[in-house]
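Take a look at the letters that make up each chain.
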Amino acid sequence: YRCLRLILGDQLNAHHSWYKHKHDDVLYVIAELHQETSYTTHHIQKICAFFSAMEHFAQALTKAGHNVAYLSLDDTRALKTIPELIKSLILKYKINIFEYQLPDEYRLRSQLSSFTNSLSIEVNYFETEHFYLDEAQLTESFKQGKSHKMEAFYRRMRKKFNILMDGEKPLGGDWNYDKQNRNKLKSADFAKVPEPLLFKHDVNNIIARLKRHDVKTIGRINDNLNWPVTRIQAKTLLDFFCQYCLAGFGQFQDAMTCKLDNALQSSQWSLFHSRLSFALNSKMLSPEFVISTVVAYYHKHQQQISLPQIEGFVRQILGWREFVRGIYWANMPQYAQLNHLKAEHALPSWFWNGSTHMNCLKHAIQQSLDYAYAHHIQRLMITGNFCLLAGIDPDVVDDWYLGVYIDAIEWVEMPNTRGMSQFADGGIVGSKAYAASGNYVKKMSDYCSGCQYDVTQATGKNACPLNSLYWRFMNKHEEAFATNPRNSMVYANWRRKSELQRKEIIEQAEQYLIDIELL
Ligand code: FAD
Ligand code: SF4
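Bear in mind that the values here come from a model prediction, so they are computed numbers and not experimental data. (Residues numbered from 1 in each chain as written. Chains lettered and ligands numbered in written order. Predicted model: local features only at pLDDT ≥ 70, side-chain atom pairs only at ≥ 80, totals over all residues.)

Enquirer: So what's going on with helix 3 (residues 82-93)? Which residues, and what values?
Expert: Along an α-helix, a turn takes 3.6 residues, which lines up residues three or four apart on a common side. Across its 12 residues, helix 3 extends 16 Å between first and last C-alpha, which sits within 8% of the 16 Å expected from 1.5 Å per residue. Turning to helix 3, its buried residues are Ile82, Leu85, Ile86 and Leu89. When helix 3 is viewed along its axis, its buried side chains cluster within an angular range of 90° and face the same direction. On its buried side, helix 3 packs onto strand 1 (3-6), strand 2 (26-31), helix 1 (34-38), strand 5 (97-101) and helix 4 (106-117). The first or second residue beyond helix 3 is lysine 94, which carries a positive phi of 50°. (Helix = DSSP H or I, 4+ residues; strand = E, 2+ residues; numbered from the N terminus. Expected span 1.5 Å × (residues − 1). Buried ≥ 20, exposed ≤ 12 C-beta atoms within 10 Å, placed from the backbone. Arc of directions from axis to C-beta. Contact = placed C-beta atoms within 7 Å.)

Dropping the structure here:
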């Protein structure tokens, strides 16, 4: 072969221009790399899903007539890093040209860039051709350290790509229907919640390889892997979403329940969410394909699907997903060090097994360990909120999120975790900290009714820990937050409490922090 092309595990874009033509002298390499299994401790389902999707992608490329080398963990045993692997393949096949697609993670992009600088053969890199904004447009749209407004960005994207538009105006007259998208699930709604479409892949071979190579993992796996690992399956999941979930997506987007979820049994654990993040982040599906499919479905089925449902979905992908990518690239590598609130505590050990008495956290963590999945509000307002209030070091929070979720890749994980949920970036992603007391959880879920803690109390033996922790957090960071007009009511309420009440609340919170392992 003359040319070697590297395909990373999250670059499974079958529509990339690389594959338009077959070249006898090009060898594609897709490899299970030891460096990728160990940069954090991943959920077992996450590694199985990536390896399985990579293997299927290699098979599809081979079937289409391309030359592909798929290397398993066994094959790369002695070539643990990308540079080691590529150097050895260059020698083995007498390669003259090395080509790669730009990685979406800073870690890999800088590794490849410094490695290829040391190569004496020709090197070319390409875009991944996945996102709405290409590299140049992204750089143009985001500036380092600047706090960009997602809403303004989202409106520009709607106009630029002409999505849900009526000429120059947003379809329906409003850009955003978020206010209509905050319903709690009531018992009467339960029957409407679909059972998730689950795929069944035997991944025992992969699990055996992981064992053979001592790869440390977290979480559990059922007999089969349930995530889509081919483009056809990803498209089937997208169609399933349109048919069964889209009609309830927006209105129940923030809702949480523990009443419909039996661990590892078929149940309704993902509510109306799409579970498309793995298919998107591995690039089996492009955001453009997902949005155009869903919008076309909406136009055909307007009796069943209202505008707020589709707008809410489009906003997540066209807005948030492209937005956090822009924030990440404008601010790396400094972003990974930010700790605006100087949070420094360790993550309680129950984050790794779900064994806490706080029902909301227990449910969100156990679900994450069972399925490698939790929806956005569970990530932001349950686990994320707890870490924020308890002052957990953002490095360890990032590490937990990066490991546990099926869709966790740093470019999207970090701005969401360190930025949106931990406010460690001081407001680059969002202008306010998403801090909440137990009252929010009570409003949006049924967690509190089955909890040993009393959500109505801030002090006393069984008082909900989130209440005192919330007040302690707001009090501690008053200087940083009081200037935000959105917090004026909060501080007015705090001051309305007597000095004794405030003292008792702070003492209760301090005691909970001392006993954090027992909560
Ligand atoms: P749906 O609710 O069906 O939404 C549809 C799609 O919109 C998602 O598949 C996703 O591609 C996109 N999306 C929605 N919200 C966001 C967002 N805030 N940022 C980027 N894309 C979004 N998403 C990841 O893909 N990887 C992560 O590692 C990740 N880490 C997160 C960590 C925290 C603390 C928080 C608060 C959010 C995180 N998110 C992450 C965003 C979001 O929670 C997930 O994308 C979503 O839960 C995936 O499930 P779904 O496919 O069912 O999403
Ligand atoms: Fe969570 Fe508090 Fe409700 Fe328990 S009472 S579920 S700890 S919010």
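After that view of the structure, there is still more to cover.
Enquirer: Tell me what's going on with the nonpolar core, and back it up with residues and numbers.
Expert: With 143 residues, the main nonpolar core has Cys48, Ala49, Leu246, Leu389 and Tyr470 as its most contacted residues. Sort the elements by how many residues they give to this core and helix 2 (residues 44-63) lands first, with 11 residues. What leucine 389 contacts, discounting residues up to four positions off in sequence, is Ala435, Leu466, Leu469, Tyr470 and Phe473. (Core = buried A, V, L, I, M, F, W, Y, C linked by C-beta atoms within 7 Å.)

Enquirer: Report on the domain arrangement of the protein, specifying residues and quantitative values.
Expert: Looking at the assigned domains, one finds that the protein contains domain 1 (3-126), domain 2 (135-331) and domain 3 (349-518). A per-element tally of the side of domain 2 that touches domain 3 places helix 11 (residues 307-331) first, with 6 residues. Residues of the side of domain 2 that touches domain 3, tallied by class, amount to 13 nonpolar, 9 polar and 8 charged. (Domains from an automatic or database assignment. Nonpolar A, V, L, I, M, F, W, Y, C, P; charged D, E, K, R; others polar.)

Enquirer: Outline unusual backbone geometry, listing residues and values.
Expert: With omega at 5°, the peptide bond leading from methionine 332 into proline 333 counts as cis. With respect to the secondary-structure elements, proline 333 resides in the loop between helix 11 and helix 12 (359-371). Despite not being glycine, glutamate 129 shows a phi value in the positive range, around 55°. Considering the arrangement of structural elements, one finds glutamate 129 in the loop between strand 6 (122-126) and helix 5 (135-141).

Enquirer: Which residues make up the site of ligand 1, and what values do they have?
Expert: Taken together, the neighbourhood of ligand 1 is formed by 27 residues, with His273, Ser274, Ser277, Gln316 and Glu413 sitting nearest. Breaking the shell around ligand 1 down by element, the ones donating at least two residues are helix 9 (277-281), helix 11, helix 13 (376-390) and helix 15 (410-421). Top element by residues in the shell around ligand 1 is helix 15. It accounts for 6 residues. Here the shell around ligand 1 gathers at least three residues from each of two domains, domain 2 (135-331) and domain 3 (349-518). (Near = placed C-beta within 6 Å.)

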